[in-house]
Amino acid sequence: GENVEQHPSTLSVQEGDSAVIKCTYSDSASNYFPWYKQELGKRPQLIIDIRSNVGEKKDQRIAVTLNKTAKHFSLHITETQPEDSAVYFCAAGFGGGGFKTIFGAGTRLFVKA
Amino acid sequence: EAGVAQSPRYKIIEKRQSVAFWCNPISGHATLYWYQQILGQGPKLLIQFQNNGVVDDSQLPKDRFSAERLKGVDSTLKIQPAKLEDSAVYLCASSSPPRDRGQYEQYFGPGTRLTVT
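Rules used throughout
Residues numbered from 1 in each chain as written. Chains lettered and ligands numbered in written order. Predicted model: local features only at pLDDT ≥ 70, side-chain atom pairs only at ≥ 80, totals over all residues. Heavy atoms only, no water. Helix = DSSP H or I, 4+ residues; strand = E, 2+ residues; numbered from the N terminus. Rg over C-alpha atoms; globule rule 2.2 N^0.38 Å. Buried < 20%, exposed > 50% of the residue type's maximum accessible area, 1.4 Å probe, protein only. Contact = heavy atoms within 4.5 Å. Areas by Shrake-Rupley, 256 points an atom, 1.4 Å probe, with all protein chains shown as cover. Lys, Arg positive; Asp, Glu negative; His and termini not counted. Charge placed at Lys NZ, Arg CZ, Asp CG, Glu CD. Buried area = accessible area lost by both parts, 1.4 Å probe. Salt bridge = Lys/Arg side-chain N within 4 Å of Asp/Glu carboxyl O. Polar contact = N/O pair within 3.5 Å; in protein donor to acceptor, adjacent residues only side chain to side chain. Phe/Tyr/Trp six-rings, centres within 6.5 Å; stacked < 30°, edge-to-face > 60°.

Turning our eyes to something else, we now look at the overall build of chain B. The secondary structure content of chain B amounts to zero helices and eleven strands. Sequence-ordered secondary structure for chain B, helices as α and strands as β, is β-β-β-β-β-β-β-β-β-β-β. Taken over C-alpha atoms, the radius of gyration comes to 14 Å for chain B, in line with the 13 Å a tight globule of 117 residues would show. Along the longest, intermediate and shortest principal axes, the C-alpha atoms of chain B span 45 × 25 × 25 Å. Taking all 117 residues of chain B together, 48% fall into the buried category. Pairs at least 24 residues apart make up 53% of the contacts formed inside chain B by residues separated by at least 6 positions. Carbon and sulfur atoms make up 48% of the accessible area of chain B, which amounts to about 5,800 Å² in all. Counting 14 positive and 11 negative side-chain charges, chain B places the averaged centre of each group 4 Å from the other.

As structure tokens, then:
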């Protein structure tokens, strides 16, 4: 069945450094790749997403890249800050009216001040 | 706009008991999702509704879980009887119809934390 693998499971960086989280997906029909941030005890919230017809997208300190051929996509956070500490989930979505999203297992990011 | 509402926020029950969760999606959102999030894992889709019809329930343990969205708005998820392994946060999410801008973003509710003892 459909699967999304996410690495690493835990990532610790120094404040100001960059953080990279990588995901792979199995279903070539996937055409939408969102990233959600979940702070402790809170709900997941969308931080950035990318469609399959785009290779890269940036939003301030956050960027996402997509390699459709390799079925890889990555989240890049530059100039990390302590408030970036959270669990980040990648996901792969596909379908039309009945749109389906499969989530990765998550990456716990620690940004040390 | 008001967000996705869920209740209760917390529930503790003993195994073999029954429990029900309620979700009210964002107004106008046709698609509603129920996810199970076990501690340390990503959300796992249990069931997806498009209006009041089921789109996907392939991962719903149908021998004990049931869900409905009778009028295409609110939804309830029920577990009967509960097992220890059902302890998790149950997240409800909704999204707008495909034709709208931001069509694929899912808006999550605060979740219901279930503890089965």
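Across the boundary between the two partners, chain A contributes 17 residues, which contact 23 residues of chain B. By the criterion of area lost to chain B, the three top residues of chain A are A:R43, A:F99 and A:F103, representing 29% of everything that side buries. Taken together, the links from chain A to chain B amount to one salt bridge. A salt bridge links A:K100 to B:D56, with the shortest nitrogen-to-oxygen separation between them at 2.7 Å. Linking chain A with chain B are six residue pairs in polar contact (both at pLDDT 80 or more), by the criterion used here.

This part covers the pattern of salt bridges. For side chains of opposite charge, pairing can occur when their charged atoms come near one another. Applying the stated criterion across every chain, the model contains six salt bridges over all chains. The partner of A:E39 in a salt bridge is A:K37, and the shortest N-O contact between them spans 3.9 Å. Accessibility expressed as a relative area gives 35% for A:E39, which makes it partly exposed. We note a salt bridge from B:K62 to B:D57, for which the minimum N-O separation is 3.7 Å.

Per the stated rule, a full pass over the model turns up twelve aromatic pairs over all chains. Ring centres 4.9 Å apart and planes at 50° place the aromatic pair A:F33 and A:F73 in the tilted group. Taken together, the residues A:F33 in strand 4 (residues 32-38) and A:F73 in strand 8 (residues 72-77) connect sequence positions 40 residues apart. Residue A:F33 is classed as buried on the basis of its relative accessible area, which comes to 0%. Relative to B:F108, the ring of A:Y36 lies with its centre 5.5 Å away and its plane at 85°, an arrangement referred to as edge-to-face. Of this pair, A:Y36 sits in strand 4 while B:F108 is found in strand 10 (residues 107-108), placing the two residues in two different chains. For A:Y36, a relative accessible area of 1% corresponds to the buried category. Aromatic ring contacts, followed pair by pair, group A:Y36, A:F103, B:Y33, B:Y35 and B:F108 into a single cluster.

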